[in-house]
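Breakdown of the fold
Chain by chain, the residues run as shown.
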Amino acid sequence: MVPIGALGLLLCVWLCGGEHQGAGELRLVGGGGRCAGRVEVKHDGEWGSVCLYDFHSETGWAAVVCRQLGCGRVARASVYAPFGEATGRIWLQPHICWGNEEKLQDCPHFGWGQHFCDHNRDVGVTCADAVELRLAAGGGPCAGRVEVKLQGRWGSVGDRDWDMEDAEVVCQQLGCGSAAGAYSASSRFGNGDGPVSLAVVNCRGDEVTLWDCEIRGWGPYASIHDFDIAVACQGFARLVGGDGACAGRLEVRRGRAWVGVCEDAVDMEAARVVCRELGCGQALAVLGTGRFEAGTGPFWEGGFSCTGTESLLATCARRPARGQGCAGHASIICSPYTGFRLAGDSSGCAGRVEVEAGGTWGSLCATGWDLPDAHVLCRHLGCGPSAAIVPPGGSFGGGDGPLRPDAFGCGGSERHPGECPTAVLGEPACPPGHAAAVNCSGMAEPLRLAEGESRCDGRLEVATSPGAWARVPAGLWDARRSTVVCRQLGCGVPEKVHAVPGSGSAALPGLRCNGSEENPAWCNVSGTATTPTGSPEEVAVVCSGSRRVRLAGGPGRCAGRVEVYVEGTWATVCQENWDLPHATVVCRQLGCGTALAAPGSARFGPGTGPLWPEALGCAGTEASLWDCPALARGGCRRGGGAGAECSEHRSLRLAGGSGRCSGHLEVRYNGTWGRVCAKGTSPATATAVCWQLGCGAGGRLVAAPAQAPAPAWLAWVGCEEGTRSLWRCPSAPWRLQACSPGGDAHVTCDGDGDGTSGTTTPSPGSRSPQDVSSGTAATARTVSVLTVLCVVLGTLLSLAVGAVAVQTCRARAWCRGPGKAADAVSDAVYEELDYALTPEYQEVPSRPASPALPEHGPPDSYDDAAAVLEEPPAAATGDVCEGEARRSWSCVPPTGGSCPPPSPPGDTRDPPGDTNYDDVGTGTLGTSL
């Protein structure tokens, strides 16, 4: 024991002896990287450790260490040799660190090599840059088993009492919005097979990172995985108002609510990130207001500046808004398929049609496959401008596994197969082996129209070599040349030729055509090499094949305001003379069945584009609006906004429950609502329905007899895990039927539909404890030097007296009983099946309803840490207790783990009795391996 007078003299010498000597390098050892491990400093050419007494509750020293090494904030710090004891010198024992010192040796200490603690107090720290967080086995970045990377290895997190507050911190930290569910990993994503990184986590829900929460066990541990935990997050981004999860208005998570995003806040790079985050395919288009049903509510402030490679929109850089106000909602269209290929033939341009969705490849059924579908696929695969033939189904084999019933409805002018409407729900089962096939022409396309609404309009580009394209400056371009272009592309005749701003990319000097050529290759090229163009304008062509019709502003592609694409512009249709026969033609043209209604602008709005000047007199039998006879124009007094509702329009709801997120599953088809039978319907169907309705990331499906007889439309709905839209699930064909005595499908979602998670998130302006301590330190720097010296001297003398008192109390407590002295119990002690680890820094009360730790031994199936009978201490002078043999617990710290602090003075509780445990090795938590 050190006399107080000597200690005071040392302090005075240190304070009055001028500046500290020695620069002192710093490193962390034994933590698997430069940002975690035992703290060591270099002095006079020799490395040595840093020690502290356990009464030093402040972690300012750890903040200094992490900042000095450029490793971010402190994730965890311990004074109990968490990374093992050093064997060399102890160089420093700091006694006060404010946390704002530039280097660790700038903290007041007793001098180089002067210390009153041993290697069992060698400090260790894990900085934030050494710890990583991810969700595994969930098929995406925002759902799965929670895993933390410690010491270079990924491991699971174990906790029996994992709840929504804990899950909220994980989701917010990952940029995945609020938590939608907190689960046991075994119930949804499977247990881990590596180490356990963290055990027993208790969060309030407003922490910035998971390691800011109260954590009782820092590993890594070799352990059983019975308590591995998982989360499902609501995500930061979603697309709503479309036919599925891959198209619609963009909304992002702000706090506890979903908000819209302005159309000028998103570009194609941000769209690529959104499509990737949602598990969709290629980003096809970024649209403004009007295409999808209008949204309400507030908007996200600012925009997103993405590179296109980010996995989550939340990780993109933010930028200020480009203008004042918000013109409208941003909308994005992604392909619902992540890949297309031809299999069963070595040529690469012929074979069985296969698509990828949800990470799984499958062959398409040939029942709904036709020549326009094949044309679009061949062009997408670079196998020529068109398909030569569509062979019979099964010509290249039936593939492995069941055939996908997805029915494509391409028009032939789409740029990408993902633009084609597809139907899955209600499509008939495919005969075995009847896989779609195609034989493409394989000829390279000599030109293309890019950046338009379809392949038949856009900026003109000519192939100069395989994979190389050059644009054509406006110059002396005329309609004769455009005729050759539209003919070559199979896009009819030119409707419009105009100039667009130049891109600055390589360009051909020009093409000289007389209009009779069948192929642009037959035209003379005025120059053989491409040159960077300084022309401010380039050629764009709109062919008649680009004419399209759509239903906008409605709840799906088969209901909405009629809009037509002519001469490169979307225009609304006048309400004058609009009736059911006109709507019937539109529904037929879109492949949406028959018309149920022809509403006016009051239903879907008048639209914002120009009015289509044509006046039509459709009989209802025409194939498209352009086949209808034209009428004399008589003006458009009622304005635009003619609409159509088709029989193939589908809606979804949960009816008869306590709210919109629970009840009998019902779908609207052919203008009629009908139930879904529980027979043959998969449990994952509930999850898909809840996602689609915005009612959380999970749900439960049960068979519930209806109180009153009700017809049903569907049965045997087979959604797979990860599906986010009911329309993407296969089922038995559509037909009105009565469900079997098993009952109707009844769904209860995890969420309440209001966009909340039941937890709060930190306010952007709130200050964390670190902020407060930093502010305190900044204030302290304004105090005079003399005052600081007096305060430091008085504080350190008080601490010295406290240290002596603590050591005396410990010695006396040791004499009275075998309480938890330092290094007495590993923090890897479980409380029955509760994973309740002994806390590291202080006694932490158990969670409500959890029994106190000393009252229970470890659970069955766990091998125990060794119970060691200690020999009585030898007699010595001073405050040393009389030796008496007692049973006590010996702490064997795990790698990266640590031993907890001693029991309070006077704690004489006996350790758990002998429970026939076997010894386990170092770093083992749970059963021995």
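Cut-offs and rules
- Residues numbered from 1 in each chain as written.
- Predicted model: local features only at pLDDT ≥ 70, side-chain atom pairs only at ≥ 80, totals over all residues.
- Heavy atoms only, no water.
- Helix = DSSP H or I, 4+ residues; strand = E, 2+ residues; numbered from the N terminus.
- Buried < 20%, exposed > 50% of the residue type's maximum accessible area, 1.4 Å probe, protein only.
- Disulfide = S-S within 2.5 Å.
- Phe/Tyr/Trp six-rings, centres within 6.5 Å; stacked < 30°, edge-to-face > 60°.
- Salt bridge = Lys/Arg side-chain N within 4 Å of Asp/Glu carboxyl O.
- Core = buried A, V, L, I, M, F, W, Y, C linked by side-chain atoms within 4.5 Å.
- Contact = heavy atoms within 4.5 Å.
- Polar contact = N/O pair within 3.5 Å; in protein donor to acceptor, adjacent residues only side chain to side chain.
- 1 Å grid on protein atoms, 1.4 Å probe; cavity = no way out; pocket = protein on both sides within 12 Å on 5 of 7 lines; lining within 4 Å.
- Points joined across faces, edges and corners; volume = space filled by probe spheres on them.
- Nonpolar A, V, L, I, M, F, W, Y, C, P; charged D, E, K, R; others polar.
- Pairing = 2+ DSSP bridges.
- pLDDT = per-residue confidence, 0-100.

1. Structural notes on the overall build of the protein
- Scanning the protein from N- to C-terminus turns up 12 helices and 49 strands.
- Counting all 929 residues of the protein, 50% fall into the buried class.

2. Here we look at the state of the cysteines
- Scanning the entire structure with this criterion turns up 25 disulfides.
- Shown here is the disulfide that connects Cys-246 with Cys-280, its sulfur atoms set 2.0 Å apart. Disulfide Cys-246-Cys-280: the torsion about the S-S bond is -90 degrees, which places it as left-handed. With Cys-246 in the loop between strand E14 (237-241) and strand E15 (247-254) and Cys-280 in the loop between helix H5 (268-277) and strand E17 (283-287), the pair connects residues that are 34 residues apart, well separated along the chain.
- With a relative accessible area of 14%, Cys-246 lands in the buried category.
- Exposure remark for Cys-280: the relative accessible area of 7% places this residue in the buried category.
- Put simply, Cys-456 and Cys-491 are joined by a disulfide, and their sulfur atoms are 2.0 Å apart. The disulfide joining Cys-456 to Cys-491 has a torsion of about -70 degrees about its S-S bond and is therefore left-handed.

3. Describing unusual backbone geometry
- Residue Gly-219 is joined to Pro-220 through a cis peptide bond whose omega torsion reads 10 degrees.
- Looking at the element boundaries, Pro-220 is found in strand E12 (residues 214-221).
- One non-glycine residue, Val-200, lies in positive phi territory at about 60 degrees.
- Checked against the element boundaries, Val-200 lands in strand E11 (residues 196-202).
- A residue is classified by how much of its surface remains accessible, and Val-200, at 8% relative accessible area, is buried.

4. Let's talk about the packing of aromatic side chains
- On inspection of all chains with the given rule, the structure shows 14 aromatic pairs.
- Ring plane angle 90 degrees and centroid distance 5.1 Å describe the contact between Phe-110 and Phe-116, whose orientation is recorded as edge-to-face.
- We classify Phe-110 as buried; its relative accessible area is 12%.
- Taking the centre distance of 6.0 Å and the plane angle of 55 degrees together, the rings of Trp-612 and Trp-626 count as tilted.

5. Observations concerning the pattern of salt bridges
- Under the criterion given, the structure shown has 34 salt bridges.
- Across the pair Asp-206 and Arg-204 runs a salt bridge whose closest N-O atoms are separated by 3.0 Å.

6. Let's talk about the nonpolar core
- Leu-210 and Trp-211 are the most contacted members of the largest nonpolar core, which totals 30 residues.
- Elements with a minimum of two residues in this core: strand E7 (132-140), strand E8 (143-150), helix H3 (164-173), E11, E12 and strand E13 (229-233).
- Ranked by the residues each element gives to this core, the list is headed by H3, at 4 residues.
- Setting aside anything within four residues of it in sequence, one finds Leu-210 in contact with Leu-133, Val-148, Trp-162, Val-169, Val-170, Gln-173, Leu-198, Val-201, Cys-203 and Ile-215.

7. A look at the side chain of Ser-624
- Summarising the element assignment, Ser-624 is placed in the loop between helix H9 (601-604) and strand E41 (643-646).
- Other than its neighbours up to four places away in sequence, Ser-624 contacts Val-585 and Gln-589.

8. Remarks on helix H2 (residues 60-68)
- Every buried residue of H2 is listed here: Gly-60, Trp-61, Ala-62, Val-64, Val-65 and Cys-66.
- Where H2 is buried, its residues meet strand E1 (25-33), strand E2 (36-43), strand E4 (74-78) and strand E6 (124-127).
- Directly after H2, the chain includes Gly-70, whose backbone phi takes a positive value near 70 degrees.

9. Description of the environment of Trp-578
- Mapped onto the elements of the fold, Trp-578 is located in the loop between strand E39 (569-572) and helix H8 (580-590).
- According to the relative accessible area criterion, Trp-578 is buried, its value standing at 12%.
- Sequence separation between Trp-578 and Gly-600 is 22 residues, and the spatial gap between their C-alpha atoms is 8.3 Å.
- Once you skip the residues sitting within four places of it in the chain, Trp-578 turns out to touch Val-562, Val-573, Ala-583, Val-586, Ala-598, Pro-599, Ala-642 and Gly-643.
- From its side chain, Trp-578 meets the backbone oxygen of Gly-643 in a polar contact 2.9 Å long.

10. Focus on empty space enclosed by the protein
- Inspection of every chain in the model, using the stated rule, returns 4 cavities of 30 Å³ or more.
- The volume enclosed by the second largest cavity comes to roughly 60 Å³.
- In terms of lining residues, the second largest cavity is bounded by 11 residues, among which Ala-36, Phe-83, Thr-126, Leu-150 and Gln-151 are the most central.
- For the lining of the second largest cavity, a count of residues per class yields 5 nonpolar, 5 polar and 1 charged.

11. Some points on the pairing of strand E29 (residues 457-465)
- Bridging between strand E28 (residues 447-450) and E29 involves 4 bridges; their strand directions are antiparallel. Bridge assignment links Leu-447 to a residue of E29, and that residue is Val-462.
- In this structure, the hairpin formed by E28 and E29 is closed by a connection of 6 residues, where Glu-451 is found at a positive phi of approximately 65 degrees.
- Both E29 and strand E30 (residues 468-471) contribute to a ladder of 4 bridges, which runs antiparallel. Counterpart to Ala-463 in the pairing with E30 is Trp-469.

12. Description of the environment of Gly-643
- For Gly-643, the location among the structural elements is in strand E41.
- For Gly-643, a relative accessible area of 0% corresponds to the buried category.
- Separated by 69 residues in the primary sequence, Gly-643 and Cys-574 have C-alpha atoms spaced 9.7 Å apart.

13. So, H5
- Considered for burial, the residues of H5 that qualify are Ala-270, Ala-271, Val-273, Val-274, Cys-275 and Glu-277.
- Where H5 is buried, its residues contact E14, E15, E17 and strand E20 (331-334).
- For H5, the N-terminal cap is Asp-267; the gap from its side-chain oxygen to the backbone nitrogen of Glu-269 is 3.3 Å.
- A positive backbone phi angle near 75 degrees is found at Gly-279, which sits one or two residues after H5.

14. Quick look at the environment of Pro-610
- Here Pro-610 lies in the loop between H9 and E41.
- Put simply, Pro-610 and Thr-569 are 41 residues apart on the chain and 8.3 Å apart in space, counted from C-alpha to C-alpha.
- Residue contacts for Pro-610: discarding those within four places in its chain leaves Thr-569, Trp-570, Ala-571 and Thr-572.

15. What to know about the side chain of Glu-666
- Here Glu-666 lies in strand E43 (residues 662-669).
- There is a polar contact of 2.7 Å between the side chain of Glu-666 and the side chain of Arg-675.
- Leaving out residues up to four positions away in the same chain, Glu-666 has contacts with Ser-651, Leu-652, Arg-653, Ala-655, Trp-673, Gly-674 and Arg-675.

16. Overview of the confidence of the model for the protein
- In this model, the protein carries a mean pLDDT of 76, and residues with pLDDT of at least 70 account for 74%.
- Contacts of residues 526-533 to residues separated by more than four positions or lying in other chains number 20 contacts, the stretch itself having pLDDT below 50.
- Confidence drops under a pLDDT of 50 for residues 811-929, and excluding neighbours within four residues, the segment shows 254 contacts in the predicted structure.

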